[in-house]
Amino acid sequence: MRDPGRYLRRRRIADALAFMAAGLATFVGLAVLAAILWTLLARGIGGMSPGVFRQMTPAPGSDGGLLNAIVGSLAMTALGTLIGAPVGLLAGSYLAEYGRGSRLSTVVRFINDVLLSAPSIIIGLFIYTLLVLRMGHFSAIAGAVALSLVAMPVMVGTAEDMLGLVPRSLREGSAALGAHPWRTITRVVYPAARNGLLTGLLLAVARISGETAPLLFTALNNQFWSTDLRQPIANLPVVIFQFAMSPYQDWQRLAWVGAVLITLFVLLLSILARAIAALFGPHANPGE
Amino acid sequence: MTPDDLRPHVCREARIERAFRAATFSSALLVLILLAGVVATLIIGAWPALKTFGAGFVLREKWNPVTEVFGGLGPLYGTVVTSLIALLFAVPVSFGIAVFLTEVCPRWLRGPIATAIELLASIPSIVYGIWGLFVLAPILQRDVQPWLIDHWGALPGIGRWFQGPPYGIGLLTAGLVLAIMILPFISSVMREVFRMAPVSLKEAAYGIGATRWNVVWHVVVPWSRAGLVGGIMLGLGRALGETMAVTFVIGNAHRISASLLAPATTISSVIANEFSEAVGELYVSSLFYLGLLLFMLTFAVIAGARLLLRMSSGAGRGA
């Protein structure tokens, strides 16, 4: 037999090398995150000024801010969530309650999982055909509907998971008191899963507030102030796209500011969602 | 109270019950209707181009809005190549991260590091785009690409991938940005499937003298093969459809060059760039044709990924 000591040593070295490589990979991942955040802060904070929140998007070469884009983005994100989240919650309720275990639920859950990762630009094409062509022009409402379709699968998925975690005994207790299923679901199951549902809602908002592709041919953009939902509306993602790709220094500076605003908003929402999930449930939460 | 007094109340409850049930049912159906609507819209929109160009569209490189001759080979090539480059970088790094977090990292550090990596996934794609264009592309153009051209450009065979001027933007840059974007998805799925490997199996391997790396490579990896492939395919599906980040750094050239350093285009970036300015039925319809191709491609990949993940007991729902 060969020298067993040498063989052992070789295996130990291979072991150490493999785990060093794994550590290096993790370092690379964290370094990239740090690099992106650092660049954002370095370039974006410098351009931050009160004017950003007070003035409209400028013409090239003149002074301006992002007020109309910020308001437009908030309005469309809010409206998109308002449309997408309730429908998602109801669909999730069907999957977790009425349709639990049925064949339809299996199919819906599978398709929903696929839609969750499907390219969002396709949603843009869909809403363009469905709404923009019908109305004859781009509009904020088309943008909001497109965003709602991106938010919906996120909400369906989390709602089903979170409702599924609520113990059966709670439902049985409610049923034993003579409550119809709808009363059990809305008065017992939803409150028990409250924190999980809130997490899903925050994740859905985070997902759509940075989405650009579905807005390109639905809301388009608007250089001016507008709150008319039937008209094209300014929004941060499309403004960032347009300004960053332009040759004008002022525009590029505002693009970085916009990128910082969006990233901070989205990261804040994601961290909040995680904190709620970690602190209050889903395992700690449902009433037991 | 007599039963008669209760009757209106019970009737009302039953009515609401029917309405609520119908509302949840139709919301669930809406998911399927959404899919059907998207497919129908794409096919109807693509119909003129489908009739004019047929299946040959896929194999034609020419994209000429003036003469109205369109072919999807350029964007298709760009989509596939950038996604493969992304996998080439993202898979080993994600694997490393997953191994590190499940086997090496001290327990108290696992949560924070995992969260940080997953935050990469929540950064909007437009931010990756602007970062890729203004930070990554100049670095590649100045430091990396000249080196590649000098040292690898002369190699036989693979040399032609690294020739031509260093543009900074192009297939390689887009692939790298995509790699960063899909890395958190792949690593989080891999971590989940690693965690599901039965402890008894690992303990048995340790019991006969395996090192930790032996256990990972010969026990955990074979056990979680389906989940690993599923996670990689999920990342691929993301990369194929990613729009904004790629649009910034791809360079928008319909012509196919052998070099990975050359500008190219992808399906999603062609649609993003040209759709709102496209005039003429055939032009618009060709963009829908591209959209249809993209949707079929990503649908197949993601559906495959989901099936594989379902086989390994439902990992990756969140990704």
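Values in this document were obtained by computation on a predicted structure and should not be read as measured data. (Residues numbered from 1 in each chain as written. Chains lettered and ligands numbered in written order. Predicted model: local features only at pLDDT ≥ 70, side-chain atom pairs only at ≥ 80, totals over all residues. Heavy atoms only, no water.)

**Side note on a positive patch on the surface**
All names here are of chain A. As a reminder, the rule being used: For patch detection, residues must exceed 30% relative accessible area and be free of salt bridges, and they are connected within 9 Å for like charges or within 5 Å for nonpolar side chains (Val, Leu, Ile, Met, Phe, Trp, Tyr). Only the protein chains shown count as cover for residues, and the accessible areas themselves come from Shrake-Rupley with a 1.4 Å probe. Definition used for salt bridges: Asp or Glu carboxyl oxygen within 4 Å of a side-chain nitrogen of Lys or Arg. Under the convention used here, Asp and Glu are negative, Lys and Arg are positive, and both His and the chain ends fall outside the count. Charged groups are reduced to one reference atom each: NZ for lysine, CZ for arginine, CG for aspartic acid, CD for glutamic acid. The secondary structure listing takes helices from DSSP runs of H or I that are at least 4 residues long and strands from runs of E that are at least 2 residues long, numbered from the N terminus. Relative accessible area decides the class of each residue, using a 1.4 Å probe on protein chains only: under 20% of the type maximum gives buried, over 50% gives exposed, and in between gives partly exposed.
Side chains of R6, R9, R10 and R12 sit close together on the surface and give a patch of like positive charge. Note on placement: R10 falls in helix α1 (residues 4-47). For R10, a relative accessible area of 52% gives the class exposed.

**A look at empty space enclosed by the protein**
Heads up, the condition is: Cavities and pockets were defined on a 1 Å grid built over protein atoms only: a cavity is a set of grid points that admits a 1.4 Å probe from which the probe cannot escape, a pocket is an open set flanked by protein on both sides within 12 Å along at least five of seven lines, and lining residues are those with an atom within 4 Å of any such point. Grid points are joined across faces, edges and corners, and a volume is the space filled by probe spheres set on the points.
Taken as a whole and judged by the stated rule, the model has 5 cavities of 30 Å³ or more. Considered as a void within the structure, the largest cavity measures approximately 80 Å³ in volume. For the largest cavity, the full set of lining residues is L115, L116, A118, S120, I123, L149, V150, P153 and R207 of chain A together with L34 of chain B. Looking at the lining of the largest cavity, the elements that each hand over two or more residues are α4 (103-117), α5 (120-135) and α6 (140-164) of chain A.

**Considering the nonpolar core**
Operational definition: As used here, the term nonpolar core means buried Ala, Val, Leu, Ile, Met, Phe, Trp, Tyr and Cys residues forming a set that is joined through side-chain atoms within 4.5 Å. Residue ranges for the domains originate in an automatic or database domain assignment.
L66 and F217 of chain A together with Y128, I130 and F194 of chain B are the most contacted members of the largest nonpolar core, which has 194 residues in total. Among the elements that line this core, the one with the most residues is helix α5 (residues 171-195) of chain B, at 16 residues. Counting only domains with at least three residues in this core, you end up with domain 1 (1-53) and domain 2 (56-318) of chain B.

**Observations concerning a nonpolar patch on the surface**
A surface patch of nonpolar side chains, amounting to about 480 Å² of accessible area, comprises W147, W152, L155, I158 and W161 of chain B. Within the secondary structure layout, I158 of chain B lies in the loop between α4 (125-152) and α5.

**Some details on the pattern of salt bridges**
If you walk through the whole model with that rule in mind, you get 11 salt bridges over all chains. One salt bridge in this structure joins R109 of chain A and E160 of chain A, with 2.8 Å as the shortest N-O distance. Here the residue R109 of chain A occupies a position in helix α4, and E160 of chain A occupies one in helix α6, the gap between them amounting to 51 residues. Considered together, R109 of chain A and E160 of chain A belong to a single accessibility category, that of buried residues. The residue D113 of chain A makes a salt bridge to R310 of chain B at a minimum N-O spacing of 3.3 Å. With D113 of chain A in helix α4 and R310 of chain B in helix α11 (residues 281-311), this residue pair bridges two chains. A cluster of three or more residues bridged by salt bridges with shared partners is formed by R274 of chain A together with E118 and R191 of chain B.

**Re the interface of chain A and chain B**
Stated formally: Residue contacts are defined here by distance: any two heavy atoms, one from each residue, within 4.5 Å place the two residues in contact. Put simply, buried area is how much 1.4 Å-probe accessible surface two parts lose in total, over both of them, once they are put together. Polar contacts, as counted here, are pairs of nitrogen or oxygen atoms within 3.5 Å of one another; within protein the pair requires one atom able to donate a hydrogen and one able to accept it, and residues that are adjacent in sequence qualify only if both atoms are side-chain atoms.
Residue-level contacts link 80 residues of chain A with 81 residues of chain B. Each partner contributes to the roughly 7400 Å² buried at the junction of chain A and chain B, and carbon and sulfur atoms together form 78% of this total. Where chain A touches chain B, the interface holds 3 salt bridges. The partner of E13 of chain B in a salt bridge is R183 of chain A, with the nearest N and O atoms 2.7 Å apart. Counting the contacts that link chain A with chain B gives 15 residue pairs in polar contact (both at pLDDT 80 or more).

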